[in-house]
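Analysis of the macromolecular model
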Amino acid sequence: MSKQQHQKKRVLVTGGASGIGAAVVNFFDEIGEIVCSADITQPSMSTKAAGMHLQGDVSSKEDVARITSMAIDKMGGIDVLVNSAGIADTIAPTADQDIETWRKIIEINLTGTYLMCREVGMHMLQEGRGSVVNIASVAGISGFPWRNAYSSSKAAVINLTRSLACEWGDRGVRVNCVAPGYIRTPLVDQLESAGKIDTGHINGCTPLGRLGRPSEIAHAVAYLSSEWSSYVTGAIIPIDGGWTAFGGRER
Ligand SMILES: NC(=O)c1ccc[n+]([C@@H]2O[C@H](COP(=O)([O-])OP(=O)(O)OC[C@H]3O[C@@H](n4cnc5c(N)ncnc54)[C@H](O)[C@@H]3O)[C@@H](O)[C@H]2O)c1
């Protein structure tokens, strides 16, 4: 792809107010694309994401329809959808978890991703092109004791990605997935300060020996959204410092 061929992409990022989503918004803005973020909250001053911001809940069908049509109005269309909105699990033995927690995690992480893919996908299919990148997790690749709802929601996002890639491939729309390992974001900070995760232990389970940076996920998302990945669809790419290669056991 030559410089002359580059046309500005119109990118919609859910969960764009914080963490990985905010890093994706900022990176696309930095490389000159047009970006719109959507989130249930406003970006805080410390994570102030560049680009336009829309407020809404990805697990609400009505909000998803409104966010999508507003993003299309503001940007003139959507070429790239990044689904980063998500919540963590309570981290407790499955027998101690309640059904409401399970439902909430599935509603936001899975149903929210499905609703966004469907709504924006209809627009992309009409245009005959587009790229969707879902943010799953290494917890969707292997089992994660004590995080059963989260792990199940992310495993389902992986297969949602594969199914949509098969359905939409011959209509010009690619659908891929990034599966992050532990990334230093507010979500992980909260789990750490609540004593739910031990980052020393995590570093020991990670061949690269550290947590990831949100920008390292943004770079993979940018690749999957670009022409450099024109023959890639239905792929699940772990960006995890080697966590899945190692099997998640302490060195
Ligand atoms: N941080 C990690 O280590 C890690 C690892 C693997 C996967 N992930 C996934 O990456 C994504 C981003 O996580 P993060 O670490 O940046 O978390 P984060 O908490 O920093 O950001 C998540 C964002 O999603 C938004 N959100 C939550 N519920 C929403 C809803 N119903 N509608 C719209 N927006 C909503 C939040 O307001 C927040 O801004 C999540 O899907 C998470 O599961 C994170």
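In this report, the structure presented in the accompanying data block is examined.

Parameters and conventions
Residues numbered from 1 in each chain as written. Predicted model: local features only at pLDDT ≥ 70, side-chain atom pairs only at ≥ 80, totals over all residues. Heavy atoms only, no water. Helix = DSSP H or I, 4+ residues; strand = E, 2+ residues; numbered from the N terminus. Rg over C-alpha atoms; globule rule 2.2 N^0.38 Å. Buried < 20%, exposed > 50% of the residue type's maximum accessible area, 1.4 Å probe, protein only. Contact = heavy atoms within 4.5 Å. Areas by Shrake-Rupley, 256 points an atom, 1.4 Å probe, with all protein chains shown as cover. Lys, Arg positive; Asp, Glu negative; His and termini not counted. Charge placed at Lys NZ, Arg CZ, Asp CG, Glu CD. Near = heavy atom within 4 Å. Polar contact = N/O pair within 3.5 Å; in protein donor to acceptor, adjacent residues only side chain to side chain. Nonpolar A, V, L, I, M, F, W, Y, C, P; charged D, E, K, R; others polar. Pairing = 2+ DSSP bridges. Axes fitted to C-alpha atoms, helices over the stretch in contact; angles between N-to-C directions. Parallel < 35°, antiparallel > 145°, perpendicular 65-115°, else oblique. Left-handed = near helix turned anticlockwise from the far one by under 90°. Phe/Tyr/Trp six-rings, centres within 6.5 Å; stacked < 30°, edge-to-face > 60°. Lys NZ or Arg CZ within 6 Å of the ring centre and 35° of its normal.

Points about the overall build of the chain
Within the chain, the regular secondary structure consists of eight helices and seven strands. A globule of 251 residues ought to have a C-alpha radius of gyration of about 18 Å, and the chain, at 17 Å, matches this closely. By principal-axis analysis of the C-alpha atoms, the chain measures approximately 50 × 40 × 40 Å. Looking at the 251 residues of the chain, the share that counts as buried comes to 50%. Contacts in the chain between residues far apart in sequence, at least 24 positions, make up 70% of those at least 6 positions apart. Of the roughly 11,700 Å² of accessible surface on the chain, a fraction of 53% belongs to carbon and sulfur atoms. Looking at the chain, you have 23 positive and 25 negative side-chain charges, and the mean spots of the two groups are 4 Å apart.

Quick look at the site of the ligand
In the vicinity of the ligand, 29 residues are found, and the nearest of them are Ser18, Asp39, Tyr150, Ile183 and Thr185. A distance of 2.6 Å separates an oxygen atom of the ligand from a polar atom in the side chain of Ser18. Taking Asp39, its side chain carries an N or O atom lying 2.6 Å from an oxygen atom of the ligand. Protein chains bury 93% of the 820 Å² of accessible surface belonging to the ligand in isolation. Contributions of two or more residues to the shell around the ligand are made by α1 (19-30), α4 (148-168) and α5 (186-193). Looking at side-chain class alone, the shell around the ligand contains 16 nonpolar, 10 polar and three charged residues.

Some points on the sheet that holds strand β6 (residues 173-180)
If you walk across this open sheet you meet the seven strands as β3-β2-β1-β4-β5-β6-β7, and the pairing is parallel. One side of each edge strand has no neighbouring strand; the edge strands of this open sheet are β3 (52-55) and β7 (236-239). Along the sheet, successive strands turn relative to each other by an average axial angle of 20°, direction set aside. Both strand β5 (residues 130-135) and β6 contribute to a ladder of six bridges, which runs parallel. For Val132, the partnering residue across the bridge sits in β6 and is Val175.

Quick word on the packing of helix α3 (residues 99-127) against α4
Between α3 and α4, the least distance of the axes is 8 Å, while the angle of their chain directions is 15°. Taken as axis vectors, α3 and α4 run roughly parallel relative to one another. Considering only the axes of α3 and α4, their crossing is right-handed. Across from Trp102, Ile105, Ile106, Asn109, Leu110, Thr113, Tyr114, Cys117, Gly121 and Leu125 in α3, the residues of α4 making contact are Asn148, Ala149, Tyr150, Ser152, Ser153, Lys154, Ala156, Val157, Leu160, Leu164 and Trp168. Residue composition of the contact of α3 with α4, grouped by class: 14 nonpolar, six polar and one charged.

Here's the deal with the packing of aromatic side chains
A complete count under the given rule lists two aromatic pairs for this structure. Relative to Trp243, the ring of Tyr182 lies with its centre 5.5 Å away and its plane at 65°, an arrangement referred to as edge-to-face. Of this pair, Tyr182 sits in the loop between β6 and α5 while Trp243 is found in helix α8 (residues 243-246), placing the two residues 61 residues apart along the sequence. Here the aromatic cluster, defined as three or more aromatic residues joined through ring pairs, consists of Phe144, Tyr182 and Trp243. Just above the ring of Tyr150 sits the side chain of Arg147; from NZ or CZ to the centre is 4.6 Å.

Shape is all these values report; function is a separate question.
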